[in-house]
Amino acid sequence: MKAAELFVKCLENEKVEFIFGIPGEENIDVMDALLDSPIKFVTTHHEQGAAFMADVYGRLTGRAGVCMSTLGPGATNLITGVADANMDRAPIVAIAGQGATTRLHKESHQILDLVSMFDPITKYATQILDPGIVPEVVRKAFKVAQTEKPGATFIDFPENVAEMKVDKKPIEVQTAYTSEAPSRKVEEAAKLITAAKAPVILAGNGVIRQGAADALVTFAEMLRIPVANTFMAKGVVPFTNELSLGTIGMKARDLPWFAFEKADVVICVGYDMVEYHPDMWNPDGDKTIIHIDALPAEVDERYIVAVGVLGDLHTSLRSIALKAKPQAASPFKAVRKAIVADRAEYCDDTAFPIKPQKIVWDLREVLGPDDIAISDVGAHKMWMSRMYRAERPNTCIISNGFAAMGIAVPGAIAAKLAYPDRKVVAVTGDAGFMMNSQEIETALRMKTPFVILIWNDSEYGLITWHQLRHFGRPSHIAFKNPDFVKYAESFGAKGYRVERAGDLLPTLKQAIADDTVVIIDCPVDYAENMKLTAKLKEMKSPL
């Protein structure tokens, strides 16, 4: 068979369901081979959208999402989404066609050294120079992408190699095994927890990646220790659980921060430093830190580990919980009480344009515990991270490692393909929406109904927020939007415009019931951004 046909069979061997991408001249052999494959190729309008789809598919399922482009500009368009997946620890395999090997050594049309370009933003990047190595390259790409900590891998496939004949078969898939932590480390961690006066748990994205949310809840409940989660770990402990301190990650003293201020022991579980630097929660470097994860801790002067428990999270948490003595009563109950009150403060607010707190409250009211909200990047991301009361892991998707704008709409397509029975809402600013709004057509063609909730302020709201904080005046952040209702209708989607605060909840319900792609144009009052900044500066400890 052709190397391209073997390549597709290797993808089938990895149980690939979808490939997101755009066909090109240099990947035509792979595209033709896909016609005889059960793998569904999702044709997108931009390679960045394809990479974001693979990114969100990977983080939701734990299986590597796959995106594909042609060479040159097609491949460079993948870069933002691939970098986002890699820094956010989402498994993804990116594939690019390439010119023939006979012209890679010289100046030639659309030729770039793609392996060197992708190497800094992936865990593994390689080029297929011989058809006989196709099975090994594909197997390694998926194994590396999916192994903790997951991330991106890249395969460069020259067009003449894709045409060559080969007599090989795919390599058997073997799942990587995470060992158990040494009993000595478990004992050390248990002793520190037993001796702690005011411990707190910081739960990171690794808890979700390893499917250890239930184990974490059991651990926290057995030892009566409260839990704060990072942006990407929302839902690892249900917000309704009395031990939940909600989300920590704002670059300011928010309510959960006061628990860390008083804590003597911080138990970091699946914690990724890329999300929330220890400078923010351990500024004096005086906390006793227990690091529970699959891999060793990153080196940082504010993250000096007293004991590292490295291994399978389920086993580590269970083993420590059985050996440590529970707290007599859960500490920081006053912080928990203040957080619950804060989230509900604007639930009945009627001001228009609508306050961010009210938008998040109404969205939470219409979505079930397993439904999925995909947040884009912008001012709304800060409000979703802080205010959205997640009940399950992977139900509030927030890019917070690389934090790339434009992820919400393509991400919602991937979410709906991965979980067609769940409601999906793309929560986006107007700026982020316009970056990949062309994928609305992709969504309609793929029959993936979801709601796009646009927070409309006609400017780059998060940048305005930073500019006002630093300089007291905005700079070059304003733009004009199209009529979003007409824009939706031009694709064959539906569109609604919110005219008053009381309209949002019924409009959300109607949009979900419409069972198609729906845009909701919702004016937002971002004066609340600076009010929140002032509130956090003046916030008194509830303890």
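Values in this document were obtained by computation on a predicted structure and should not be read as measured data.

Asker: Help me understand the environment of Cys 396 in this model?
Answerer: Position of Cys 396 among the secondary structure elements: in strand S14 (residues 396–398). Residue class for Cys 396 comes out buried when judged on its relative accessible area of 3%. As a C-alpha pair, Cys 396 and Val 427 span 31 residues in sequence and 9.9 Å in three-dimensional space. Beyond its immediate sequence surroundings of up to four residues, Cys 396 is in contact with Lys 234, Ala 373, Met 384 and Tyr 388.

Asker: Teacher, can you tell me more about the sheet that holds strand S5 (residues 124–127) here?
Answerer: Strand pairing within a sheet occurs via backbone hydrogen bonds; the two strands may be parallel or antiparallel. The parallel open sheet is built from six strands, whose spatial order is S2-S1-S3-S4-S6-S5. Of all strands in the sheet, those with a lone pairing partner are strand S2 (40–43) and S5, marking the two edges. Taken pair by pair, the neighbouring strands of this sheet meet at an average axis angle of 20°, ignoring direction. Direction of pairing for strand S1 (residues 18–21) relative to S2: parallel, over a ladder of four bridges. Considered in S2, the bridge of Phe 18 is made with Lys 40. Taken strand by strand, helix H1 (residues 3–13) contacts S1, strand S4 (92–98) and strand S6 (152–158), and its axis lies near 160° from that of S6. The sheet strands contacting helix H6 (residues 134–146) are strand S3 (65–69), S4, S5 and S6, and the helix crosses S6 at an angle near 160°.

Asker: For this particular structure, what's the right way to read the state of the cysteines?
Answerer: Working definition of a disulfide: a covalent bond connecting the sulfur atoms of two cysteines. Scanning all chains against the criterion turns up zero disulfides. Left unpaired, Cys 10 is separated from the closest cysteine sulfur, that of Cys 67, by 18 Å.

Rules of the game
Residues numbered from 1 in each chain as written. Predicted model: local features only at pLDDT ≥ 70, side-chain atom pairs only at ≥ 80, totals over all residues. Heavy atoms only, no water. Helix = DSSP H or I, 4+ residues; strand = E, 2+ residues; numbered from the N terminus. Buried < 20%, exposed > 50% of the residue type's maximum accessible area, 1.4 Å probe, protein only. Contact = heavy atoms within 4.5 Å. Pairing = 2+ DSSP bridges. Axes fitted to C-alpha atoms, helices over the stretch in contact; angles between N-to-C directions. Disulfide = S-S within 2.5 Å.

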